[in-house]
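# Observations on the model geometry
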Amino acid sequence: MENYIRVIEALGERIEELEQEVLDNATPDLLEEILEYRREMAYIRKQVRPVREVVRLLAHPDEELFGEDVRPHLRDLADLTEQSCDAVDVYREMIGDALATYNMVIGNKLNDVMKFLTVFATIFIPLTFIAGVYGMNFQYMPELRYPWSYPALLAVMTVVAGVMLAYFKRRGWM
């Protein structure tokens, strides 16, 4: 049973490191490692739980199968199995937390990308409208006769984009 505890603690040390790695750099490889540790802890849990029940029954004071000289060893074994089960439960919970943190970090990255794309599209919607209006082929558009109408249109579009960018920055959206 002491070997179980050593293995569980070795896995637990790596699980504790994973939490910080998730915050620093959440990659698909890290997700694979988290899921692998999750499977490993589930496997260990399946192995340790039945042993705990058997040892608990054997260490029970009413059990007459063993003599009094063996009982202290059975109680020690029961304590070790209980400690192993508790450690497995703690590390399973920690790996679940690491997985939740990974999902949160990935969600935040996705939100940042979506925010950028939304701001980008929002800026270009009015510019596309202006370009669409002046791209129509009407014969009588009075402002087309002036030599400065094209630069003026570009200036208006630049001002619209600049005002929108300034507004988004002031609101903290960029």
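Structure's up top.
Small disclaimer: the values here were computed from a predicted structure and weren't measured.

Turning to the overall build of the protein chain, a few remarks are in order. Secondary structure assignment for the protein chain yields four helices and zero strands. Each helix and strand of the protein chain, ordered N terminal to C terminal, gives the series α-α-α-α. Against the globule reference of 16 Å for 174 residues, the protein chain gives a C-alpha radius of gyration of 33 Å, more extended than a compact globule. Seen along its three principal axes, the alpha-carbon backbone of the protein chain occupies a region of about 110 × 25 × 25 Å. Evaluated residue by residue, the protein chain yields a buried proportion of 25% over its 174 residues.

Following the criterion strictly, the structure yields ten salt bridges and no others. A salt bridge links Asp 89 to Arg 45; its shortest N-O distance comes to 3.6 Å. Note that Asp 89 is positioned in helix α3 (residues 71-134) and Arg 45 in helix α2 (residues 28-59), a separation of 44 residues in sequence. Taking relative accessible area as the criterion, Asp 89 reaches 26% and is therefore assigned partly exposed. Across the pair Arg 49 and Asp 89 runs a salt bridge, and its minimum N-O distance is 2.8 Å. You can see Arg 49 sitting in helix α2 and its partner Asp 89 sitting in helix α3, a full 40 residues away along the chain. On the basis of relative accessibility, which here comes to 22%, the residue Arg 49 falls in the partly exposed class. When salt bridges that share partners are traced, they join Arg 14, Glu 17, Glu 21 and Glu 33 into one network.

Attention now goes to the packing of α2 against α3. Packing of α2 against α3 leaves a shortest axis separation of 8 Å and a crossing angle of 155 degrees. With respect to each other, α2 and α3 are oriented roughly antiparallel. The crossing of α2 and α3 is left-handed. Broken down by class, the residue content of the contact of α2 with α3 amounts to 22 nonpolar, two polar and ten charged.

By the secondary structure assignment, Ile 8 is in helix α1 (residues 2-24). For Ile 8, a relative accessible area of 0% corresponds to the buried category. On a C-alpha basis, the gap between Ile 8 and Leu 80 in space is 12 Å, while along the polypeptide they are 72 residues apart. With residues up to four places along the chain from it excluded, the contact list for Ile 8 reads Met 41, Ile 44, Ser 84, Ala 87, Val 88 and Tyr 91.

Taken as a whole, this structure holds three aromatic pairs when the rule is applied. The interplanar angle of 55 degrees and the centroid separation of 6.0 Å between the aromatic rings of Tyr 167 and Phe 168 together place this pair among those described as tilted. Owing to a relative accessible area of 34%, Tyr 167 belongs among the partly exposed residues under this scheme. The buried category is assigned to Phe 168, whose relative accessible area is 6%. Put simply, the rings of Phe 116, Phe 120 and Phe 124 pair up and form one aromatic cluster.

The subject of this paragraph is a nonpolar patch on the surface. A surface patch of nonpolar side chains, about 700 Å² in accessible area, is lined by Leu 110, Val 113, Met 114, Phe 116, Leu 117, Phe 120 and Phe 124. Tracing the backbone through its elements, the reader meets Val 113 in helix α3. In this structure Val 113 comes out as partly exposed when scored by relative accessible area, which is 45%.

Here we come to the nonpolar core. Counting residues in hydrophobic clusters, the biggest one holds 21 residues, and the most contacted among them are Ile 15, Ile 34, Met 41 and Ile 44. Secondary structure elements with two or more residues in this core: α1, α2 and α3. Ranked by residue count, the leading element in this core is α3, at nine residues. Apart from the residues within four sequence positions on either side, Ile 44 is in contact with Val 7, Ile 8, Leu 11 and Val 88. In this structure, Leu 127, Leu 153, Met 164 and Phe 168 belong to the second largest nonpolar core, which totals nine residues.

Rules and cut-offs
Residues numbered from 1 in each chain as written. Predicted model: local features only at pLDDT ≥ 70, side-chain atom pairs only at ≥ 80, totals over all residues. Heavy atoms only, no water. Helix = DSSP H or I, 4+ residues; strand = E, 2+ residues; numbered from the N terminus. Rg over C-alpha atoms; globule rule 2.2 N^0.38 Å. Buried < 20%, exposed > 50% of the residue type's maximum accessible area, 1.4 Å probe, protein only. Salt bridge = Lys/Arg side-chain N within 4 Å of Asp/Glu carboxyl O. Axes fitted to C-alpha atoms, helices over the stretch in contact; angles between N-to-C directions. Parallel < 35°, antiparallel > 145°, perpendicular 65-115°, else oblique. Left-handed = near helix turned anticlockwise from the far one by under 90°. Nonpolar A, V, L, I, M, F, W, Y, C, P; charged D, E, K, R; others polar. Contact = heavy atoms within 4.5 Å. Phe/Tyr/Trp six-rings, centres within 6.5 Å; stacked < 30°, edge-to-face > 60°. Patch = residues over 30% accessible without salt bridge, like charges linked within 9 Å, V, L, I, M, F, W, Y side chains within 5 Å. Areas by Shrake-Rupley, 256 points an atom, 1.4 Å probe, with all protein chains shown as cover. Core = buried A, V, L, I, M, F, W, Y, C linked by side-chain atoms within 4.5 Å.

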